[in-house]
Amino acid sequence: HNFGFAHSGGLNVQEYTDHTGMMGNPLFEDEVGKMCFNAAKNWQVGWYGGVGEGLYKVKVDPLTNPLSSFELVGIGEFDKNNEQHPVVVKIETGTEKDYFVAFNRAVGPNAENVEADNEVTIVQVEGGNGLNHAQSYLKAHLLEGEGYTEYNFANSGEPFSIRANSIDTSTVPATALIDVIYGTDLLSCTSDADCFDDNIYCNGIAVCDISGGTPVTVHLTTDNYPGETSWDIKKDSDGTTIGSFSGS
């Protein structure tokens, strides 16, 4: 809190349950654990090149740049980042509730990380554009080949996805290659096989024929705080997220 950080909530939208970083209170003690902060907090703090956008912290606006690729290095190996890869990518929403993406490399100062070791993590802030005190929530953590999709990005009526194309922990520093993709056209594919390959997004140039699929309709009755409601649909076999939505 001395850095001006608010708490970090997890996938269950509780205040303290993002255990990919210290502000989720994963250890319940003050003086133990080699852990760093999540992507939103690292954007806010003056480390790694300064507060906000800079050499190691990059911003992308999917509305103007619908397809972007980044090679991420984790905070745990920032001192070995000789090629100056980004450690945080901010996804601009045009509101104060932006998304932040990072590679949660579990080595060095982050060696005793509690959740999502060596995975790509995605968090969203509740306000402040990532520059001011604001609660954040973990939206997803991705293994290689997995992705996260929002179907109405920034109330645009269009989907956007973040995909972890590859994660290589055999190198120093380890790296994670991600794509940030926006729009129905880019999320379409050329065949059923492409579409159902990972059940997250499709990467061809034509519209899929998904007539063999089963439509799913989700009806939710919320309380007086619908903005705090979120849902996701996952495959029983491997836990892959097929669809998700956040009222925020």
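Residues numbered from 1 in each chain as written. Predicted model: local features only at pLDDT ≥ 70, side-chain atom pairs only at ≥ 80, totals over all residues. Heavy atoms only, no water.

1. A closer look at the nonpolar core
For step 1, the next point in the chain: Counting 24 residues, the largest nonpolar core has Phe70, Val89, Ile91, Val101, Val120, Ile122 and Phe160 as the members making the most contacts within it.
For step 2, the next point in the chain: Those elements that place two or more of their residues in this core are strand 2 (57-60), strand 3 (67-73), strand 4 (88-91), strand 5 (99-103), strand 6 (120-125), strand 7 (136-142), strand 9 (160-168) and strand 10 (175-182). (Core = buried A, V, L, I, M, F, W, Y, C linked by side-chain atoms within 4.5 Å. Buried < 20%, exposed > 50% of the residue type's maximum accessible area, 1.4 Å probe, protein only. Helix = DSSP H or I, 4+ residues; strand = E, 2+ residues; numbered from the N terminus.)

2. Considering the sheet that holds strand 8 (residues 147-150)
For step 1, the next point in the chain: Spatial ordering of the open sheet is given by 3-10-9-8, a layout of 4 strands whose pairing is antiparallel. Strands at the two margins of the open sheet, each flanked by one partner only, are strand 3 and strand 8. Averaged over neighbouring strand pairs, the angle between their axes works out to 15 degrees when direction is ignored.
For step 2, the next point in the chain: Both strand 3 and strand 10 contribute to a ladder of 7 bridges, which runs antiparallel. The residue bridging Leu72 from the neighbouring strand is Ala176, located in strand 10. (Pairing = 2+ DSSP bridges. Axes fitted to C-alpha atoms, helices over the stretch in contact; angles between N-to-C directions.)

3. Description of the pattern of salt bridges
For step 1, the next point in the chain: Tallied over the full model, the rule gives 5 salt bridges.
For step 2, the next point in the chain: Glu77 serves as the salt-bridge partner of Arg105, at 3.4 Å between the closest nitrogen and oxygen. Note that Arg105 is positioned in the loop between strand 5 and strand 6 and Glu77 in the loop between strand 3 and strand 4, a separation of 28 residues in sequence.
For step 3, the next point in the chain: Glu92 is the partner of Lys90 in a salt bridge, and the nearest nitrogen-oxygen pair spans 3.7 Å. (Salt bridge = Lys/Arg side-chain N within 4 Å of Asp/Glu carboxyl O.)

4. A short note on the confidence of the model for the chain
For step 1, the next point in the chain: Considering every residue of the chain, the mean pLDDT works out to 82; 78% of them sit at 70 or more.
For step 2, the next point in the chain: Long-range and interchain partners of residues 196-212, a stretch whose pLDDT sits below 50, account for 50 contacts in this model, where long-range means more than four residues apart. (pLDDT = per-residue confidence, 0-100. Contact = heavy atoms within 4.5 Å.)

5. Structural notes on the side chain of Asp98
For step 1, the next point in the chain: Structurally, Asp98 can be placed in the loop between strand 4 and strand 5.
For step 2, the next point in the chain: Here Asp98 falls in the buried class, since its relative accessible area comes to 0%.
For step 3, the next point in the chain: Within the structure, the side chain of Asp98 is placed 2.9 Å from the backbone nitrogen of Thr93, a separation counted as a polar contact.
For step 4, the next point in the chain: The residues touching Asp98, leaving out its near neighbours within four places in the chain, are Lys90, Ile91, Glu92, Thr93, Val123, Gln124, Val125 and Asn129. (Polar contact = N/O pair within 3.5 Å; in protein donor to acceptor, adjacent residues only side chain to side chain.)

6. A closer look at unusual backbone geometry
Residues other than glycine predominantly adopt negative phi, and peptide bonds predominantly adopt the trans conformation.
For step 1, the next point in the chain: Cis geometry marks the peptide bond from Val172 to Pro173; its omega dihedral reads 0 degrees.
For step 2, the next point in the chain: The backbone of Tyr48 shows a phi angle near 60 degrees, a positive value even though the residue is not glycine.
For step 3, the next point in the chain: Residue position: Tyr48 is located in the loop between helix 1 (39-44) and strand 2.
For step 4, the next point in the chain: Residues other than glycine seldom take positive phi values, yet Asn129 does so here, at roughly 60 degrees.
For step 5, the next point in the chain: Mapped onto the elements, Asn129 comes out in the loop between strand 6 and strand 7.

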